[in-house]
Amino acid sequence: MAKNFIPKIVAFCCNWSTAPVVNKAVESDAQFPPNIKIVKLMCGGMVTLAFILKAFELGADGVFVATCRVEDCHYVTGARRAVDVCDNTKKLIDMLGFEPGRFKLGRFSSLEHKVFEKAINEFIGVIKKMGPSPIKVQRRTTASTSR
Amino acid sequence: MASKKSKSSKTTGSDSSIQDFLNEKGVTIQFPEICDSFPIQEITMSSCRVACPAGVNIKAYLGAITRGDFQRALEIVKETNPLPGICGRVCTHPCESECRRGEFEDPLAICALKRFIADYELKNGSKNIEPCKRTKKENVAIVGSGPAGLTSANDLVRMGYGVTIFEELPVAGGMLITGIPPYRLPRDIIQAEIDNIVKLGVELKTNTKVDNIDDLFKQGYKAVFLAIGAHEGLKLKVPGEDEYEGIVDCIKFLRKVNRGERDKPGERIIVIGGGNSAIDSARSALRLGCSEVYIVYRRSRKEMPANEDEIKEAEAEGVKINYLAAPVRIIGKDDKVTGMECTKMKLGEPDQSGRRRPIPIPSSEFVVEADTILSAISQKPYISCFKDCGIKITKWDTFEVNEKTLMTSKPGVFAGGDAVTGPSTVIDAIAAGHRAAHAIDRYICGKPLEKEKSPEIVQRELTPDTFSPERATRLKAKKIPIEKREDSFAEVELTLNEDEAVREAKRCLRCGPCVECIHCIKECEKRMFGISTDKGKELLMVHGLPKNIKLTEEVSAMLNVKGKVAAEVRIEPIVSEVSEEMCRGCGQCESVCNYSAIKVEEKEDGLRIAHVDAAICKGCGTCASVCPTGASHLSLFKSKDIEKELEGFFG
Ligand SMILES: Cc1cc2nc3c(=O)[nH]c(=O)nc-3n(C[C@H](O)[C@H](O)[C@H](O)COP(=O)(O)OP(=O)(O)OC[C@H]3O[C@@H](n4cnc5c(N)ncnc54)[C@H](O)[C@@H]3O)c2cc1C
Ligand code: SF4
Ligand code: SF4
């Protein structure tokens, strides 16, 4: 395992609570890990199995989903849906023989940028231990995630 | 700034160029075929909070009230307003004018709710307040203990500075205690809130007039905040003013009354002016037993700057108001005032303040008899003692300051509140106190003064069960009956009880970083859009968007900065779309939509297709995420966009 392996992480964030949290974390900390791709969604509930698998397919070493606290969801049920989607995704990844630890869901209120930072750093630590993703990246961008 | 921009664009995937435009002042958007431009705004706060000069997080504390968590509500208020009991009584509540529910029925009684939680603390005993930890060696001197001075003291002591307030009078509180009468603002409330600030470790020196700023610096203070208010009444400038006895400045009159003196100024009183000080003088005079009280105001009721409620109460108590009348001459006999000649006025073009300018109507003079005239036209600061300190002073005898930093022309000396703006409001003074505290902190730390503290991110305090989609009438606080008000300076308005407060707070629609289509208000129009350039997309709010701009299709528009075209942008509504050819009519989306915005409908040919009602849809995309065929998608943050973003990262 390469010692200086920098994992590629994709983080899906909801537009209301967590995107601002992430921005704040990035802005307030110069040491914020650089190799994280933040993808804004209108609602955590919008994250799908397809997006998550797509990210892995494209070469992500880990995928993080950040949503509001369940009771804080701007769209009332969106964060709850995200939980369901993530549970299912975990099961599926496990079935596919892929480490489920490469995927994580975190819930934050809009002021918890420090908590977010900690969570993402922990996640990176876990991925670092696991090493690069076993998925061989195939450059075939035509494949769509149609559901 | 540049480095920050590149960093955030790297991580969020969207370019922040629009945001940068917005950060400059005066960014508007202009649509083709419509000449007007519309201000645009980043969606970070609810409209009530935007309207509050001090930026109180109203939505969050109303949410806490609905849950019965009054302590938390108080904490939220105190983050931005150290004087909630005072504001809950006398604030001009600009937030209520902007309340979204106001577009539908009566706005939330935000002010009364603030009062409720402040009183809740008083009633149930406040938590022990510990002095703040002193973390900085520097001391700051604050001159004046009105709301501006108190707020900055509160902020600075929390930041860890040593803070001393110098107050000329024997009591602290400024106009709150010398101007506003106790029947509107009881003295124990003022005292309790000042005590809470003093307990944080602020040193309060009453009976101490400051007239030499250099002395303060010599005593070791690193910065000075001048919050001396505006207490010197302006002259009426009409003949007879200096000839007769019986013409009293309202600030002096109220000061006496508020000190506890109960002598009648006379029998028949004329009060000149239309602000809070005029109404307060008139209502106080009635309470002292004056038999007749007239107010003479040169504009109409609509232009009157006093709080609407106060005007109503004054009339109910028996004050007679002569609108559109102005003094011409004071009449007297044997050195004593006997009356005043007035002229009728009409309203002309709007002046600088936006109010219509009153113009005298020729030969319309009439005489009002009176033995005492209370002048309440306006005030300016007692500034003469600061004239030799090297501080620039405007032609209105106020301090000249940098609008953003509140620093005067003398480094380290800041000024704010009525002393800068002329007579204004408590909440404006509080806002100035915050601004000064932040600028003073930056000044002492040697940071550039200009950067405003950006508003912190909206707190989400609410839970789904706080929705109240039905119509619900605004609760009115009870008042003591008129008969009981004579000769009494007891408080007129009463506090809501717990049940009432919870009920009222539940009316809040928890607007905020959301689409404006608050699902319970069908009539309400959405004003939030995705605005995109070639570089990226942002969600922004456009205020006052005209009806003929369709909410369902993309439009191009020009982004103007300070009136000049800066960029072409595309405006997209964020709503769900359903591609008919892919929809199988399964109804999954229908079952997840919280707002009943999407419905499966049967078309003529028998096909079942989901249909989105764009007026209700909030654009959350929950439906898109459950759609098994991919027929349902979002017109902003589309699946394709997200894929592209991912590919861009790895490619
Ligand atoms: C009758 C009346 C009714 C009002 N009603 C309302 C209302 O309902 N709602 C509302 O929002 N606003 C109201 N206002 C306005 C509001 O009270 C003021 O805008 C606000 O108090 C201004 O705060 P400030 O801190 O700038 O100054 P002030 O409150 O005026 O405080 C200034 C303090 O500085 C002290 N001081 C002055 N010079 C010196 C010196 N050289 N050395 C030491 N100390 C000095 C003064 O003694 C005073 O205590 C009312 C005003 C009046 C007069
Ligand atoms: S409904 Fe609530 S959040 Fe919306 S403007 Fe009114 S008080 Fe503020
Ligand atoms: S995006 Fe979909 S789920 Fe959300 S409100 Fe619109 S139709 Fe309903």
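Here is what the cut-offs are and how they apply
Residues numbered from 1 in each chain as written. Chains lettered and ligands numbered in written order. Predicted model: local features only at pLDDT ≥ 70, side-chain atom pairs only at ≥ 80, totals over all residues. Heavy atoms only, no water. pLDDT = per-residue confidence, 0-100. Helix = DSSP H or I, 4+ residues; strand = E, 2+ residues; numbered from the N terminus. Contact = heavy atoms within 4.5 Å. Near = heavy atom within 4 Å. Nonpolar A, V, L, I, M, F, W, Y, C, P; charged D, E, K, R; others polar. Core = buried A, V, L, I, M, F, W, Y, C linked by side-chain atoms within 4.5 Å. Buried < 20%, exposed > 50% of the residue type's maximum accessible area, 1.4 Å probe, protein only. Domains from an automatic or database assignment. Polar contact = N/O pair within 3.5 Å; in protein donor to acceptor, adjacent residues only side chain to side chain. Areas by Shrake-Rupley, 256 points an atom, 1.4 Å probe, with all protein chains shown as cover.

Notes on the confidence of the model for chain A
Residue and element names in this part refer to chain A.
Turning to step 1, where the next piece is worked out: On average, chain A scores 78 in pLDDT, and the residues at 70 or more come to 80%.
Turning to step 2, where the next piece is worked out: Here helix α1 (residues 18–28) stands out as the element of chain A with the lowest mean pLDDT, 70, in contrast to strand β3 (residues 62–68), whose mean of 89 is the highest.
Turning to step 3, where the next piece is worked out: Of the regions scoring below 50 in pLDDT, residues 141–147 engages in 15 contacts with residues more than four places distant in sequence or in other chains.

Regarding the site of ligand 3
Turning to step 1, where the next piece is worked out: Taken together, 12 residues are adjacent to ligand 3, and Ser576, Cys593, Cys617, Cys620 and Cys623 of chain B come closest.
Turning to step 2, where the next piece is worked out: Tallied by class, the residues present in the shell around ligand 3 amount to 7 nonpolar, 4 polar and 1 charged.

Side note on the nonpolar core
Residues and elements named next belong to chain B.
Turning to step 1, where the next piece is worked out: Counting residues in hydrophobic clusters, the biggest one holds 74 residues, and the most contacted among them are Tyr61, Leu62, Ile65, Ile86 and Leu156.
Turning to step 2, where the next piece is worked out: Ranked by the residues each element gives to this core, the list is headed by helix α17 (residues 426–445), at 10 residues.
Turning to step 3, where the next piece is worked out: Lining this core are residues from two domains, each supplying at least three of them: domain 2 (44–127 + 470–505) and domain 3 (139–231 + 380–445).
Turning to step 4, where the next piece is worked out: Core analysis: the next-biggest nonpolar cluster, separate from the first, contains 29 residues, Val257, Val271, Leu288 and Cys290 among them.

Examining the site of ligand 1
Residues and elements named next belong to chain B.
Turning to step 1, where the next piece is worked out: Taken together, 37 residues lie near ligand 1, and Val90, Glu167, Arg184, His231 and Asp418 sit nearest.
Turning to step 2, where the next piece is worked out: In the environment of ligand 1, an oxygen atom lies 2.8 Å from a nitrogen or oxygen atom belonging to the backbone of Asp418.
Turning to step 3, where the next piece is worked out: At a separation of 3.1 Å, an oxygen atom of ligand 1 approaches a polar backbone atom of Ser424.
Turning to step 4, where the next piece is worked out: Surface burial for ligand 1 is 97%, taken as the share of its 1,000 Å² of free accessible area covered by protein chains.
Turning to step 5, where the next piece is worked out: Tallied by class, the residues present in the shell around ligand 1 amount to 16 nonpolar, 15 polar and 6 charged.
Turning to step 6, where the next piece is worked out: Composition of the shell around ligand 1 by domain shows at least three residues from each of domain 3 (139–231 + 380–445) and domain 4 (235–377).

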